Amino acid sequence: MTRCLAGLVVLGIGCGSSPTLPPLAPPPVDVEVRVERTVVPSGEPVVVEVTQWTTTGWSLPAAHPGAAELTTTALGRVGPSIVGGRSRTVVTYELSGEDGSYVVVVPPVEASGPSDQTRQIEPSPVFVDIGKAPPKLDGLVNAESIPAESDAWPTWMVASAVGLGLGVLGLLAALGYARRTKPPPPPKPAEVVAREAWAAARSDDLDDHGLALALSQIFRRYLQAVTGFPMLTRTTREIVRFLNQEALLNEALRPRTLRVLDATDRLKFAREGGGSGFFDALEADFLAVVDALSIPAPEGEDDA
């Protein structure tokens with residue numbers, strides 16, 4: 001008798017367990033959008049990461065995030081690298097503008113695969129706030145605490161009021177979303193940011209020391225944006241070693257990079273160099289390196 005009961009218990013456990021299904025394979029091509037923080041303080045940018053996944057035989061155009069009335073700046077690219085059999089590329093952007101609520105949108109992209117396959121990818125929009133917290137629906141939160149007394153509203157009336165409130169909020173959200181989801185402005189590439197910053201520095205009334213500081217910061221910030229290496233906190237020797245190891249510059253551009261870094265260091269710390277001709281020569285080296293490392297613009301986007 002005891003042996004039979006034990007058998008029934010074992011049988012019951014076996015029948016009650018659920019079979020473990022194998023995990024689904026990831027798609028051959030995909031675009032993921034991640035926001036570092038959905039609420040940022042006033043004056044700070046929204047940091048967005050766009051991750052693109054591809055497998056052998058598939059290609060995917062660059063996907064850029066944006067939001068109406070916000071300025072988009074490309075900070076840097078990491079990859080491509082192979083993760084789990086797929087190629088992963090991560091590009092980081094900053095979206096900045098006035099305080100308010102915004103919808104970050106990545107326009108649909110069409111991937112091309114083997115045998116003329118195509119796949120339309122539409123990343124989900126992300127809602128963000130600059131300088132303020134998202135609204136709280138206090139009225140709806142407290143609706144469930146209505147006392148069930150004899151003189152309280154009937155349940156059906158409370159449910160109708162809550163449903164009406166949700167409907168109105170949904171309509172307002174839909175109208176706001178439709179108003180904000182117009183095509184976002186194109187992002188401002190890192191090389192454009194660097195060129196504009198240097199042009200502004202040269203037009204300001206800066207002495208040689210101030211101009212050297214500006215060029216050093218602009219050049220290092222640009223290199224950091226396109227490589228992901230922390231140029232702003234590294235020495236000239238460490239930067240040159242990294243660029244050589246990664247083979248990011250050819251034989252002609254390596255000395256030009258070193259000249260900009262070394263000359264600005266010497267002027268900053270030892271007051272060596274200076275003058276219009278000095279900065280004209282450094283500007284030529286700086287722009288040559290920027291042109292060589294610039295991230296290619298997507299097809300159909302104006303190079304200007």
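Our structure is the block above this text.
Residues numbered from 1 in each chain as written. Predicted model: local features only at pLDDT ≥ 70, side-chain atom pairs only at ≥ 80, totals over all residues. Heavy atoms only, no water.

Student: Just give me the short version of helix α6 (residues 236–245), but keep the residues and values in it.
Tutor: Structural remark: α-helix, 3.6 residues per turn; residues separated by three or four positions point the same way. Buried residues of α6: Thr236, Ile239, Phe242 and Leu243, and no others. Each buried residue of α6 lies within a common arc of 130° when the element is viewed along its axis, so the set occupies one face. Within α6, the exposed residues directed more than 90 degrees away from the buried face are Arg237 and Gln245. Ala247 lies just past α6 and shows a positive phi near 55°. (Buried < 20%, exposed > 50% of the residue type's maximum accessible area, 1.4 Å probe, protein only. Helix = DSSP H or I, 4+ residues; strand = E, 2+ residues; numbered from the N terminus. Arc of directions from axis to C-beta.)

Student: An account of the packing of aromatic side chains is needed here, citing residue identities and associated values.
Tutor: A complete count under the given rule lists five aromatic pairs for this structure. Ring centres 6.3 Å apart and planes at 65° place the aromatic pair Trp198 and Phe286 in the edge-to-face group. Pair noted here: Trp198 is in helix α4 (residues 190–203) and Phe286 is in helix α8 (residues 276–293), with a separation of 88 residues, a long-range link. Looking at Trp198, the relative accessible area reads 3%, which means it is buried. Looking at Phe286, the relative accessible area reads 0%, which means it is buried. Consider the rings of Phe219 and Phe286, whose centres lie 5.7 Å apart with planes at 80°: the pair is edge-to-face. Taken as a pair, Phe219 in helix α5 (residues 208–227) and Phe286 in helix α8 lie far apart in primary sequence, 67 residues in all. (Phe/Tyr/Trp six-rings, centres within 6.5 Å; stacked < 30°, edge-to-face > 60°.)

Student: So what about the sheet that holds strand β9 (residues 126–130)? Which residues, and what values?
Tutor: Read from one edge to the other, the open sheet built from three strands follows the order β2-β9-β6, with strand pairing classed as mixed. Both outer strands of the open sheet, β2 (39–40) and β6 (100–104), are each paired with one neighbouring strand and no more. By the bridge criterion, two bridges tie β2 to β9 in an arrangement that is parallel. Among the inter-strand pairings, Val39 is bridged to a residue of β9, identified as Asp129. (Pairing = 2+ DSSP bridges.)

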